[in-house]
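The residues making up each chain are set out below.
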Amino acid sequence: MNKQLKNRLMAYMAGNLSCREVANLITEYLDGSLSLGQRLRVQIHLGMCFACRNFLKQMQYTLLTLQRLPPEPIPPHIKEELLRRFRHWRSIQSSPDGSSTEKTSQ
Amino acid sequence: MLRLALAYVPSHAVAEEVVQEAWMGVFEGIGRFEGRSSFQTWLFRIVTNRAKTRGVRERRYEPFGLGNAGDEEEGPSIEDSLFVTQGDLQGHWVTPPQAWEPDTPERALLSKECREAITRAIDGLPPTQRQVMMLRDIEGVSSEDTCNILEISETNQRVLLHRARIKVRKVLAEYLSHEPRSVK
């Protein structure tokens, strides 16, 4: 079988999607938002193409890395200010006439 | 939350104020929370609404600008140079992606250098891509809620997320290609 025919046959069997097209559909594939037909074409391509399987894995590992990134630290001055404002708000909530009791409680 | 607010306001200091105001809004409005969305979605919506209002005041954010966020970057999300552009192999990888080890996320996160590179990459994303990635991939918000919070279409959200993920994958790939390997 000549090379051109072999490539065409491979492309047909892979649902006619190129690696480039699969790479561009990968987010939708991972999200499960592709139509059944598109999903099947991507899956057929993935089944036959180790490079795109590697790309899919790379994207999955990228997502796992992002999901496990340490949380954004709260700067101490923000934390302090928030606590101060929260206490103030709570003291207003708990006082019968709605005025602040923060000063009297200190 | 700070990163989310930063997309609308001009400085870190203003974003910090927005986050504080948002939390106060949460304390004050918790009684009005009806549970129609998750608490997280409600919280992020308060942050974005307050940041938008503040951004308009600071002339950083133009209302309705974010709705067309998918247009903020033209061109393909994956570089053309990665694929063969002519001949029988058109559309195939020029250099096939390498297999990454299953412990890649752990290794990447253990490295301060890699963590910093990823954080820099996220901070360097166009604002709307950064917001979508923060909500979807870091905070775990659903695509539907992300669209509601940011007031963008489902298609826009997917395009922005895809572009952002491709960029972070590239950073990770660059780190892995230079990663010092331990001798076994």
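Residues numbered from 1 in each chain as written. Chains lettered and ligands numbered in written order. Predicted model: local features only at pLDDT ≥ 70, side-chain atom pairs only at ≥ 80, totals over all residues.

A look at the overall build of chain A
Tallying secondary structure elements over chain A gives 6 helices and 0 strands in all. Going residue by residue from the N terminus, the α and β elements of chain A occur as α-α-α-α-α-α. A buried classification covers 19% of the 106 residues belonging to chain A. Sequence-distant contacts, at least 24 apart, represent 46% of the contacts inside chain A between residues at least 6 apart. (Helix = DSSP H or I, 4+ residues; strand = E, 2+ residues; numbered from the N terminus. Buried ≥ 20, exposed ≤ 12 C-beta atoms within 10 Å, placed from the backbone. Contact = placed C-beta atoms within 7 Å.)

Comments concerning the overall build of chain B
Across its full length, chain B holds 8 helices and 0 strands. Helices and strands in chain B line up, N terminus first, as α-α-α-α-α-α-α-α. In chain B, of all internal contacts separated by at least 6 residues, the share reaching a separation of at least 24 is 68%.

Considerations on the confidence of the model for chain A
Residue and element names in this part refer to chain A. Residues at a pLDDT of 70 or more form 80% of chain A, whose mean pLDDT is 81. Taken element by element, chain A is modelled with least confidence in helix H6 (residues 102–105), mean pLDDT 42, and with most confidence in helix H4 (residues 50–67), mean pLDDT 96. Low confidence marks residues 100–106, where pLDDT is under 50. Its contacts with residues over four positions away, or in another chain, come to 11 contacts. (pLDDT = per-residue confidence, 0-100.)

Overview of the packing of helix H3 (residues 39–57) of chain B against helix H7 (residues 143–150) of chain B
Residues and elements named next belong to chain B. Where H3 meets H7, the closest approach of the two axes is 9 Å, and the angle between their N-to-C directions is 25°. The angle between H3 and H7 falls in the class roughly parallel. Handedness of the crossing formed by H3 with H7: right-handed. Contacts from Thr41, Phe44, Arg45 and Thr48 in H3 reach Asp145, Ile149 and Leu150 in H7. (Axes fitted to C-alpha atoms, helices over the stretch in contact; angles between N-to-C directions. Parallel < 35°, antiparallel > 145°, perpendicular 65-115°, else oblique. Left-handed = near helix turned anticlockwise from the far one by under 90°.)

Structural notes on the nonpolar core
Among the nonpolar cores identified, the biggest contains 37 residues, and B:Ala5, B:Val18, B:Val19 and B:Val47 are the most heavily contacted of them. Elements supplying a minimum of two residues to this core: helix H1 (2–6), helix H2 (12–29), H3, helix H5 (112–123), helix H6 (127–138), H7 and helix H8 (154–178) of chain B. Of all the elements, H8(B) adds the most residues to this core, at 7 residues. One finds A:Leu17, A:Val42, A:Met59 and B:Ile78 within the second-largest nonpolar core, a separate group that totals 12 residues. (Core = buried A, V, L, I, M, F, W, Y, C linked by C-beta atoms within 7 Å.)

Description of the packing of H5(B) against H8(B)
Residue and element names in this part refer to chain B. With their axes 9 Å apart at the nearest point, H5 and H8 run at an angle of 155° to one another. Classed by the angle they form, the pair H5 and H8 counts as roughly antiparallel. H5 and H8 meet at a crossing whose hand is right-handed. From H5, Cys114, Ala117, Ile118, Ala121 and Ile122 reach across to H8, where they touch Lys167, Val168, Val171 and Tyr175.

Section: the interface of chain B and chain A
Contacts between chain B and chain A engage 38 residues on the former and 34 residues on the latter. Tallied by class, the residues present in the side of chain B that touches chain A amount to 22 nonpolar, 8 polar and 8 charged. (Nonpolar A, V, L, I, M, F, W, Y, C, P; charged D, E, K, R; others polar.)

Details of unusual backbone geometry
Residue and element names in this part refer to chain B. Non-glycine residue glutamate 151 carries a positive phi angle of around 55°. Mapped onto the fold, glutamate 151 is located in the loop between H7 and H8. The exposure class assigned to glutamate 151 is partly exposed, which follows from the 15 C-beta atoms found within 10 Å.

What about H5(B)?
Residue and element names in this part refer to chain B. Taking 1.5 Å of rise per residue, 12 residues should cover 16 Å, and H5 covers 16 Å from first to last C-alpha, within 8% of that figure. All buried positions along H5 are accounted for by Cys114, Ile118 and Ile122. Projected down its long axis, H5 carries its buried residues within an arc of 75°, all on one side. Exposed residues pointing more than 90 degrees away from the buried face of H5 are listed as Lys112, Glu113, Glu116, Arg120 and Asp123. (Expected span 1.5 Å × (residues − 1). Arc of directions from axis to C-beta.)

Considerations on the environment of A:Pro70
Take A:Pro70: it is sitting in the loop between H4 and helix H5 (76–94). A C-alpha to C-alpha distance of 23 Å links A:Pro70 and A:Leu83, two positions 13 residues apart in sequence.

Observations concerning the confidence of the model for chain B
All names here are of chain B. Looking at chain B, pLDDT values average 82 and 85% of them are 70 or higher. Counting interchain partners and residues more than four positions distant, the pLDDT-below-50 stretch residues 64–71 has 14 contacts. Among the scores for the predicted complex, ipTM is 0.81 and pTM is 0.78.

A short note on the environment of B:Arg45
All names here are of chain B. With respect to the helices and strands, the residue arginine 45 is situated in helix H3. Residue classification places arginine 45 among the partly exposed positions, given that 17 C-beta atoms sit within 10 Å. Spatially, the C-alpha atoms of arginine 45 and threonine 146 are 9.3 Å apart, while their sequence positions differ by 101 residues.

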